[in-house]
Amino acid sequence: MAAYNQSRSNIIRLLVIISFSVIVLQLMYLQLVDRRYKQLAMDNAVYAKVIYPERGIIYDRKGRAILNNTIIYDLLVTPAEVKGIDTLDFCRLMNIDTADFRKRMIEAIVKNTRVRPSVFKAMLTQELQARFEENSWKFPGFNLVERPLRIYPYDAAAHILGYVREADKRDIERSENFYRQGDYIGKTGLEAFYEPVLMGQRGVQYMIKDNKNRIVGTYENGEYDTAAIAGRSLHTYIDIELQQLAEKLMSNKVGGIVAIDPRTGGILSMVSGPNYNPNDLSGPDGSKNFSRMQLDVSGPMLNRAIAGKYEPGSTYKPLGALVALNEKVITPSYGYPCGGRYTLCGHGKPECTHAGGGHAANVRLAIANSCNAYFAHIYRLTVDNRKYKNVYDGYLHWKQYMNAFGLGVRLGVDLPSESAGGIADTATYNRENAGRWTSCTNLTLGIGQDKMQATPLQMANAMCIIANKGYYYTPHFVSRIEDEQEQDSGYINRYKIRHDVLTYIPADAFNDVIEGMSDVVKVGTARGAQIEGIEVCAKTGTAENYTVLDGRRIKLPDNSMFVCFAPKENPKIAIAVFVQNAGFGATWAAPIARMMMEKYLNDSLSTRSKADSARIEAANLMPAYFKRLQYREDSIRAFKWFQTTRDSIYIERYTKWQGPAVPGKRQPSSKQKAKPVMAAVVPHRIAIEKKEALR
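The rules we used
Residues numbered from 1 in each chain as written. Predicted model: local features only at pLDDT ≥ 70, side-chain atom pairs only at ≥ 80, totals over all residues. Heavy atoms only, no water. Helix = DSSP H or I, 4+ residues; strand = E, 2+ residues; numbered from the N terminus. Buried < 20%, exposed > 50% of the residue type's maximum accessible area, 1.4 Å probe, protein only. Contact = heavy atoms within 4.5 Å. Areas by Shrake-Rupley, 256 points an atom, 1.4 Å probe, with all protein chains shown as cover. Disulfide = S-S within 2.5 Å. Axes fitted to C-alpha atoms, helices over the stretch in contact; angles between N-to-C directions. Parallel < 35°, antiparallel > 145°, perpendicular 65-115°, else oblique. Left-handed = near helix turned anticlockwise from the far one by under 90°. Phe/Tyr/Trp six-rings, centres within 6.5 Å; stacked < 30°, edge-to-face > 60°. Lys NZ or Arg CZ within 6 Å of the ring centre and 35° of its normal. Core = buried A, V, L, I, M, F, W, Y, C linked by side-chain atoms within 4.5 Å. Pairing = 2+ DSSP bridges.

Student: How should the overall build of the chain be read in this particular structure?
Tutor: In terms of regular secondary structure, the chain is built from 24 helices and 22 strands. Relative to its full complement of 695 residues, the chain shows a buried share of 50%. Within the chain, contacts between residues at least 6 apart in sequence are counted, and of these 71% link residues at least 24 apart. Total accessible area on the chain is roughly 33,800 Å²; 51% of this is exposed by carbon and sulfur atoms.

What follows is the structure, encoded as structure tokens:
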């Protein structure tokens, strides 16, 4: 019996030793190998506060900060740490309802998991920030984080400067997780193009929390903290006063303006209309304003200066004259007996605004008087040039000239989303004409129409080429980057290269065209663009404009265009102005350009220009069809909302009740409800779908 008890005692001792050994080994593993619990303890006791860096400042040419920073707070949530809080109390504090609370929590978990902090409410007002700070101890899992907020002191240059928004999933994936949830990234404008320069580097500050989630001090005296590094600043060619003037002149108008210094390619001003205040996309209401502008059919967020494609009309004619002179199909004294229309293609088009003899007696007079027949004819002479095999070959050589002038190609401006405009290839005309066409087929290319489309930026750059007699620098905004580093050379060096695209054209040809452009202002179609003491070279332009609305092609008022540079000797500024549906180029676009030249070159406006400025600023030239188009788009969206949600609240304003009784048809009783029918603004197919859905 004793031996049996002794054996059982040994077994018990062995089990105790094994159990103790397992516990010791497990403790050693947890303490020395497995870091999970240490991390959990750290997460409970230490709060890693992200320090977001200030983005770089953007300055104008005189060193004025046109884009700066201020401080605002985001409210972050780590869902796994939100325990035992009074949800109703929290919702009252933050002015939200419980449904919104649940929605935001779910979004935070989906976007960034339960254990990582996400933005619960971005950009708190000062009042909300103060209220939360007083009560933060009640709400574990919620923390405030400072964030630099972009501010625009001059309320100007929205399309140039761009805006920042929180990095979305696609941004994070593209960056290979360099960006994190809660980081902000430049989305448009200089903010996007120079993002690596402006962004800076985030830092981390480790803070100790007590059992009530209150910050009580720094962890290890800040030994593990990393400082945020501010982004580097940009110095630009922008003249903010010139920019403000241009934006005022384009208020309630659609189109674009670009002003460039031909000596450097530096862009002095760029405006797209309709415009918006860049501060509207910053701060607590930024998302709401962004959504509103996205739904606006007038496209306030579209930069028409680089992405709007317009027929250049008569502003093209100096380019056509240079090509014809260089191809030697005409001489400076070449004239054309225009009787008011072009008849050599059999249809009497295009027509001219002049019919008197001698108005196209030479190149200089033809440019000054903008003779359509003259430029249609010299286009034909150019592409039918006998030194080329046929019209197709001649056209391709003409197209190469246009590309050299910067038409039909992207220039490479330091903004995203630049358009190449459009110069059609021979394949387009072959496809449309079964491979058989002549110079009469696309005759109106000679007056800047047919399949020719250009952006305001391209036409301003073309003026730089004429002003410089054959060369240009790629248009750009940034003159230098602060604390420039080796990796910045990719940004800056490309804009220092001189492009000698047409310097092989004789100087005499440029001089003849420049004299003609000078006569445009002295005695021609743009006498209203004269500036005392400054010789201006310019060309007006007017182009017909059509749109399709409600299935009908309707003619709109003509586009008003003007291109120029000044002074004639040693030009310092080149400008292109395009105003949609405004009428003649000399009526609206020319005075706008004149005032911009005067402001830049004289640093002031004359009494005459101040009066013109007030008149043009007050004029509302927004196309009338926008109201109809907006109503139609809103109605379609309202119906799609109804289809998805069965909620008819948004379609009520776009419906009408069925009219009075129709003879011979049984009418619903007074107790029966009439069925709403979509108003005529909704396309017929959608209207039928909606009627069926409401049955």
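Alright, that's what it looks like, and here's the rest.
Student: Help me understand the state of the cysteines, please; the structure alone is not making it clear to me.
Tutor: In a disulfide, the sulfur atoms of two cysteines are held together by a covalent bond. This structure, assessed with the given rule, holds one disulfide. Residue cysteine 338 stays outside any disulfide, its sulfur separated by 3.4 Å from that of cysteine 352, the closest cysteine. With a relative accessible area of 6%, cysteine 338 lands in the buried category.

Student: It is not clear to me how unusual backbone geometry should be interpreted in this structure. Could you clarify?
Tutor: Excluding glycine, most residues fall at negative phi; most peptide bonds, likewise, are trans. The amide bond that connects lysine 349 to the next residue, proline 350, takes the cis arrangement and shows omega of 5°. Put simply, alanine 566 and proline 567 share a cis peptide bond, and its omega is -15°. Phi is positive for methionine 123, which is not a glycine, with a value near 55°. For alanine 157, which is not glycine, the phi torsion reads 65° and is therefore positive. With respect to the helices and strands, alanine 157 occurs in the loop between strand S5 (142-151) and helix H6 (158-161).

Student: Looking at this structure, I do not really get the environment of valine 363. What am I missing?
Tutor: By the element assignment, valine 363 lies in helix H14 (residues 363-369). Each C-alpha atom, one on valine 363 and one on phenylalanine 375, is 9.4 Å from the other, the two residues being 12 residues apart in sequence. Residues contacting valine 363, with those up to four places away along its chain left out, are Ala321, Leu325, Ile330, Thr331, Pro332, Tyr334 and Tyr374.

Student: What exactly am I supposed to notice about the packing of helix H10 (residues 240-249) against helix H21 (residues 589-602) here?
Tutor: Between two packed helices, both the angle of their axes relative to each other and the distance between the axes serve to describe the pair. Running from N to C, H10 and H21 point in directions that differ by 165°, and their axes come no closer than 10 Å. Between H10 and H21, the angle falls in the class roughly antiparallel. H10 and H21 meet at a crossing whose hand is right-handed. Each of Glu241, Leu242, Leu245, Ala246 and Leu249 in H10 lies in contact with H21, whose residues at this interface are Ile592, Met595, Met596, Lys599 and Tyr600.

Student: Hey, could you run me through the packing of aromatic side chains in this one?
Tutor: When we look at a pair of aromatic rings, we describe it by the centre distance and by the angle of the planes. Evaluation of the coordinates by the stated rule reveals 25 aromatic pairs. Over the face of the ring belonging to tyrosine 52 we find arginine 147, whose NZ or CZ atom lies 4.1 Å from the ring centre. The ring centre of tyrosine 546 lies 3.8 Å from the NZ or CZ of arginine 553, which sits over that ring.

Student: Please explain the nonpolar core as it appears in this structure.
Tutor: One broad rule of soluble globular proteins: the nonpolar side chains tend to lie buried together. With 144 residues, the main nonpolar core has Tyr194, Met270, Tyr374, Tyr395, Trp398, Phe405 and Ile575 as its most contacted residues. Among the elements that line this core, the one with the most residues is helix H18 (residues 456-467), at nine residues. When sequence neighbours within four positions are dropped, the list of residues in contact with tyrosine 374 reads Ile330, Tyr334, Gly335, Tyr336, Ala360, Asn362, Val363 and Ala366. Core analysis: the second largest hydrophobic core is formed by 20 residues, Leu75, Met94, Phe101 and Leu124 among them.

Student: Mind showing me how you'd approach the sheet that holds strand S20 (residues 573-579) here?
Tutor: Two pairing modes exist for strands in a sheet, parallel and antiparallel, and in both the strands are linked by backbone hydrogen bonds. With respect to topology, five strands assemble into an open sheet ordered S12-S11-S20-S19-S18, the strand pairing being antiparallel. On the outer flanks of this sheet lie strand S12 (266-273) and strand S18 (537-549), each paired with one strand and no other. Neighbour-to-neighbour, the strand axes of this sheet turn through a mean angle of 10°, independent of strand direction. On top of the sheet, H18 reaches strand S11 (255-261), S12, strand S19 (552-566) and S20; it is set at about 150° to S20, its chief contact.

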